[in-house]
Amino acid sequence: MESLNSLNPFEMAQKNFDLAADALNLEPNLREMMRYPERCLVVHIPIRMDDGKIKRFEGYRVQFNTARGPAKGGIRYHPNVTLDEVKALACWMTWKCAIVNLPYGGGKGGVACNPKVLSMNEIEHITRRYTSGILPIIGPQSDIPAPDVYTNPQIMAWIMDTYSMTKGYPVHGVVTGKPLGLGGSLGRDEATGRGVFYTIESIYDSLGLQLKDQRIVVQGFGNAGSVAAKLLHQSENKVIAVSDSSGAIHNSKGLDISRLIEHKAKTGSVLEFEGTERIQPDEMLTLECDILIPAALENAITKENAPRIKARMIAEAANGPVTPEADKILFEKGIYLIPDILCNAGGVTVSYFEWVQNEQHLFWDEQDIYGKLEKVMKNAAKEVNRIHRNRKVNTRIAATMLGVSRVAEATRLRGLYP
Ligand code: GLU
């Protein structure tokens, strides 16, 4: 059985790389250079908790590849964070940045902690001590963190402050996803979900389908899932079910997403939203629908539930929500998959816009940002779909091939140091 514990996420990422490298006929020397992280840092984070006791957490920062530019990628606070998970996520960031053609490499960070049981004060102290631990390897020209699961603009502000206080002058470009009042970019908060929407629009267009009156299911109602749901709802599609970590709700006539966002902000969960019935989260994933959007964590769709999935398309707003075994099953069922490294690249794309604005000390308006984001996402989606069709490989391999080939080109051009 494909037990979740036996799925080492980094081995999964390497397996995907191997498949793409095979399809590209990548030379063995380049494989040897690109298959492993460049740098992994593990930091010890002792914190004085609110009750006066000292508790120790463990944090990580991985720079997977910097052939195309500084390492770029978010920081995750979650009890299940491990070094192998961070390595996998940093590997995916490398291909992701290359797919949308940003001048970045890939990195990722994480702290094994449960922010749901920590106070703001404790989270601030974890953030500052973690930042101080990874300070020797981050910086606007070397490695630029950003938000990820359970981290937010306030946490990015603390990272910016800790880094700046140590340097002795303000350094806005060391981190993206900052609050607007501290050099953040307009549109960054909506960027991932908006990117998911543009990618779906683009693929519908390539397939000659109309993105209207479609039934949508969204697993995970955080930053990415709620925005994608809102934009799909606004363009006359029906979001028939959503879930978050507390459970799942359903109404076959469609949910009013703006009101659901307000309900979640007020009550802390999607449950008990008027006019909906509660269903089992696994039952939700296997509902009859047109587009299923896994927007929570890894391994949501496995060998166990994949055979029962009835969606026509899966758009991976989360990182790694489908296991490799499930991938095969979905492919055989003819379900069109928009892979994570393409689908959720809108977040890092607007992070790049934020960094460019910081480096140039100027601000772009929201329409400018959305226009540029739409162009980047749609070009990347068309390119991945083209490789998928011409090379007859599944869309995940097609996307990885695009990312890997761009990183390989930079690696070849730079040569081997020393
Ligand atoms: N955490 C996001 C991702 O997985 C965004 C990373 C970034 O903005 O650097 O793509």
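Everything numeric in this text was worked out from a predicted model, so none of it was measured.

Participant: Tell me about the confidence of the model for the chain, and please be specific about residues and values.
Facilitator: Mean pLDDT for the chain: 96, with 99% of residues reaching 70 or above. Here helix H10 (residues 324-332) is the element of the chain with the lowest mean pLDDT, 93, and strand E6 (residues 143-144) is the one with the highest, 99. Counted against residues more than four places away or in other chains, residues 1-5, with its pLDDT under 50, gives twelve contacts.

Participant: Give me the site of the ligand: which residues, what numbers.
Facilitator: Around the ligand sit 14 residues, and of these Lys 72, Lys 96, Pro 147, Asp 148 and Ser 351 come closest. Pro 147 places a polar main-chain atom, nitrogen or oxygen, 2.9 Å from a nitrogen atom of the ligand. Contact between the ligand and Ser 351: an oxygen atom at 2.6 Å from a side-chain N or O atom of the residue. Across the complex, the protein chains shield 94% of the 300 Å² of accessible surface that the ligand would expose by itself.

Participant: So what about the pairing of strand E1 (residues 39-48)? Which residues, and what values?
Facilitator: For a regular strand, the rule is simple: side chains alternate between the two faces of the sheet. Pairing of E1 with strand E2 (residues 54-65) involves ten bridges; the strand directions are antiparallel. Bridge pairing in E2 links Leu 41 to Arg 61.

Participant: Quick one: what's the story with the packing of aromatic side chains, residue by residue and with numbers?
Facilitator: Aromatic rings considered in pairs are described by the distance between their centres and by the relative angle of their planes. Tallied over the full model, the rule gives nine aromatic pairs. Aromatic pair Phe 10 and Phe 64: ring centres 6.3 Å apart, planes at 65°, arrangement edge-to-face. Of the two residues, Phe 10 is situated in helix H1 (residues 9-24) and Phe 64 in strand E2; the sequence distance between them amounts to 54 residues. Aromatic side chains Tyr 352 and Phe 353 sit 6.0 Å apart centroid to centroid with 50° between the ring planes, which places their arrangement in the tilted category. For Tyr 352, a relative accessible area of 21% corresponds to the partly exposed category.

Participant: Report on the sheet that holds strand E5 (residues 106-112), specifying residues and quantitative values.
Facilitator: In spatial order, the strands read E1-E2-E5-E4; together these four strands make up an open sheet with mixed pairing. Because the sheet does not close on itself, it has two edges, and the strands there are E1 and strand E4 (75-78). Shown here is a sheet whose adjacent strand axes are inclined to one another by a mean of 20°, direction ignored. Pairing analysis gives four bridges linking E4 to E5, with the strands arranged parallel. Counted as the bridge partner of Arg 76 is Gly 110 from E5. Helix H3 (residues 83-99) contacts E1, E2, E4 and E5 of the sheet and is inclined by roughly 30° relative to E2.

Participant: Residues and numbers for the packing of helix H4 (residues 120-134) against helix H5 (residues 153-167), please.
Facilitator: Remark: H4 packs on H5, axes separated minimally by 9 Å, with the N-to-C direction vectors making an angle of 45°. Taken together, H4 and H5 sit at an angle that is classed as oblique. When you trace H4 past H5, the crossing you get is right-handed. Of the residues in H5, those in contact with Met 120, Ile 123, Glu 124, Thr 127, Arg 128, Thr 131 and Ser 132 of H4 are Ile 155, Trp 158, Ile 159, Asp 161, Thr 162 and Tyr 163. In the contact of H4 with H5, the residues fall into six nonpolar, four polar and three charged.

Participant: Before we move on, can you summarise the nonpolar core with the specific residues and values?
Facilitator: Formed by 92 residues in total, the largest nonpolar core has its most connected members in Ile 200 and Ile 293. Setting aside anything within four residues of it in sequence, one finds Ile 200 in contact with Leu 211, Leu 232, Ile 291, Ile 293, Met 313, Ala 315 and Ile 338.

Participant: Tell me what's going on with the pattern of salt bridges, and back it up with residues and numbers.
Facilitator: Throughout the structure, instances matching the rule amount to 29 salt bridges. With a shortest N-O distance of 2.9 Å, Glu 316 and Arg 396 are connected by a salt bridge. Residue Glu 316 is located in the loop between strand E12 (313-315) and H10, and its partner Arg 396 is located in helix H14 (residues 395-414); the two are separated by 80 residues in the primary sequence. Both residues of the pair, Glu 316 and Arg 396, belong to the buried class. Of the charged contacts in the structure, one is a salt bridge between Arg 386 and Glu 383, with a shortest N-O distance of 2.8 Å. Note that Arg 386 and Glu 383 are positioned in helix H13 (residues 366-391) at a spacing of three residues, about one turn of the helix. Relative accessible area serves as the criterion here: at 25%, Glu 383 is assigned to the partly exposed category. Residues joined by salt bridges that share partners form a network here, namely Arg 76, Glu 85, Lys 108, Asp 148 and Glu 298.

Participant: Give me the packing of helix H6 (residues 191-206) against helix H12 (residues 346-360): which residues, what numbers.
Facilitator: The contact between H6 and H12 brings their axes to 7 Å, and the two run at 125°. The orientation of H6 with respect to H12, classified from their angle, is oblique. The way H6 lies across H12 gives a crossing that is right-handed. Of H12, the residues touching H6 (which contributes Ala 191, Thr 192 and Gly 195) are Gly 346, Gly 347 and Val 350. Taken together, the residues of the contact of H6 with H12 sort by class into two nonpolar, four polar and no charged.

Cut-offs and rules
- Residues numbered from 1 in each chain as written.
- Predicted model: local features only at pLDDT ≥ 70, side-chain atom pairs only at ≥ 80, totals over all residues.
- Heavy atoms only, no water.
- pLDDT = per-residue confidence, 0-100.
- Helix = DSSP H or I, 4+ residues; strand = E, 2+ residues; numbered from the N terminus.
- Contact = heavy atoms within 4.5 Å.
- Near = heavy atom within 4 Å.
- Polar contact = N/O pair within 3.5 Å; in protein donor to acceptor, adjacent residues only side chain to side chain.
- Areas by Shrake-Rupley, 256 points an atom, 1.4 Å probe, with all protein chains shown as cover.
- Pairing = 2+ DSSP bridges.
- Phe/Tyr/Trp six-rings, centres within 6.5 Å; stacked < 30°, edge-to-face > 60°.
- Buried < 20%, exposed > 50% of the residue type's maximum accessible area, 1.4 Å probe, protein only.
- Axes fitted to C-alpha atoms, helices over the stretch in contact; angles between N-to-C directions.
- Parallel < 35°, antiparallel > 145°, perpendicular 65-115°, else oblique.
- Left-handed = near helix turned anticlockwise from the far one by under 90°.
- Nonpolar A, V, L, I, M, F, W, Y, C, P; charged D, E, K, R; others polar.
- Core = buried A, V, L, I, M, F, W, Y, C linked by side-chain atoms within 4.5 Å.
- Salt bridge = Lys/Arg side-chain N within 4 Å of Asp/Glu carboxyl O.

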